[in-house]
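Okay, here's what each chain looks like letter by letter:
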Amino acid sequence: AQSVAQPEDQVNVAEGNPLTVKCTYSVSGNPYLFWYVQYPNRGLQFLLKYITGDNLVKGSYGFEAEFNKSQTSFHLKKPSALVSDSALYFCAVLVIETGANNLFFGTGTRLTVIP
Amino acid sequence: DSGVTQTPKHLITATGQRVTLRCSPRSGDLSVYWYQQSLDQGLQFLIQYYNGEERAKGNILERFSAQQFPDLHSELNLSSLELGDSALYFCASSASGPLTSTEAFFGQGTRLTVV
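First, a word on scope: everything that follows refers to the structure included in this document.

Cut-offs and rules
- Sequence order as written defines residue numbering, which begins from 1 separately in each chain.
- Numbering of ligands from 1 and lettering of chains from A proceed in the order in which they are written.
- For this predicted model, a pLDDT threshold of at least 70 governs which residues receive local features, and a threshold of 80 or more governs which side-chain atom pairs are given and counted, while totals over whole chains, interfaces and linings are taken from all residues.
- For side-chain calculations, the full set of non-hydrogen atoms in the structure is used, while hydrogens and water are omitted.
- Labels follow the DSSP assignment, with helices taken as runs of H or I lasting at least four residues and strands as runs of E lasting at least two, numbered in each case from the N terminus.
- Should any heavy atoms of two residues lie within 4.5 Å, those residues are counted as being in contact.
- Take the buried residues of types Ala, Val, Leu, Ile, Met, Phe, Trp, Tyr and Cys, join any two whose side-chain atoms come within 4.5 Å, and each joined set is a nonpolar core.
- Exposure is judged per residue with a 1.4 Å probe applied to protein chains only, and the accessible area is read against the type maximum: over 50% gives exposed, under 20% gives buried, and values in between give partly exposed.
- We call two strands paired when DSSP finds no fewer than two bridges between them.
- Only the contacting stretch of a helix is used when fitting its axis, a line to C-alpha atoms as for every element, and angles between N-to-C directions run 0 to 180 degrees.

A closer look at the environment of L21 of chain B
All names here are of chain B.
Step number 1: Positionally, L21 belongs in strand β3 (residues 19-24).
Step number 2: In this structure the C-alpha to C-alpha distance between L21 and A66, which are 45 residues apart in sequence, comes to 9.2 Å.
Step number 3: Here L21 is in contact with T7, L11, W34, S74, E75, L76, L78, Y89 and T110, once residues within four sequence places are set aside.

Brief notes about the nonpolar core
Residues and elements named next belong to chain A.
Step number 1: Counting 27 residues, the largest nonpolar core has W35, L47, L48, F74, L76 and Y89 as the members making the most contacts within it.
Step number 2: Looking at this core, the elements with two or more residues in it are β2 (10-14), β3 (19-21), β5 (32-38), β6 (44-50), β8 (64-68), β9 (73-78), β10 (87-97) and β12 (109-114).
Step number 3: Element by element, the count of residues in this core is highest for β10, at four residues.
Step number 4: Not counting residues up to four positions away in its chain, the partners in contact with L47 are W35, Y36, V37, G59, S60, Y61, F63, L76 and Y89.

Observations regarding the side chain of T13 of chain B
Step number 1: Along the chain, T13 of chain B turns up in strand β2 (residues 10-13).
Step number 2: Once residues lying within four places of it in the same chain are set aside, the contact partners of T13 of chain B are V19, L81, L112, T113, V114 and V115 of chain B.

Some details on the sheet that holds strand β7 (residues 64-68) of chain B
Strand pairing in a sheet relies on backbone hydrogen bonds. The paired strands run either parallel or antiparallel.
Residues and elements named next belong to chain B.
Step number 1: Taken in spatial order, the four strands of this open sheet run β1-β3-β8-β7, and their pairing is antiparallel. For this open sheet the edge positions go to β1 (5-7) and β7, each flanked by a neighbour on one side alone. Across the sheet, the axes of successive neighbouring strands diverge by a mean angle of 15 degrees, strand direction being ignored.
Step number 2: When β1 meets β3, the two strands line up antiparallel, connected through three bridges. Residue pairing across strands places Q6 opposite C23, the latter belonging to β3.

Written as structure tokens, this is what we have:
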């Protein structure tokens, strides 16, 4: 079965410190992986994606993610956290099957950046 | 602005009633996804349409139904509403069809409160 897991419900980090939000996946075939962010009372916003190629993917707002095939992980990272990064982060995997694409989301990780 | 429009933004209704949520996808996007986000269950995939046809079903209750019209807008119908149906309902669209891997863009959601 296809799935994506975010093992941490909550991540707290001090402003200016590096941050990591973890994601692991389980898919058959090639994984297509995404990160989305949700600010309060807003819809999800696309941050970045991995389809193929370089394992380090750069996205919006200074975020990047590293695809690790052997560890089936796609952790989201940022070198220096900002208070404005505080939000709910979702990892997702796109499963492409005959006749359909299906986007599965993790349960989300709430990131709090402490001033 | 993601380009995906959902109406209404807020809806308050009584148990047992029926409501319709509407979604207009981004111009040119053929795929529409519906998700339910509740406090205790994260983001749950409900159903996907591609160019008017149902393509994938997730955890959608039998009391819920959806359709995608020829102009590509979609409606999610929720009937015999229960208190537990109170949630944020998101629509997303993407250019994805079979064998493509583009990201999805989310509307701002409809907050449904069942009283």
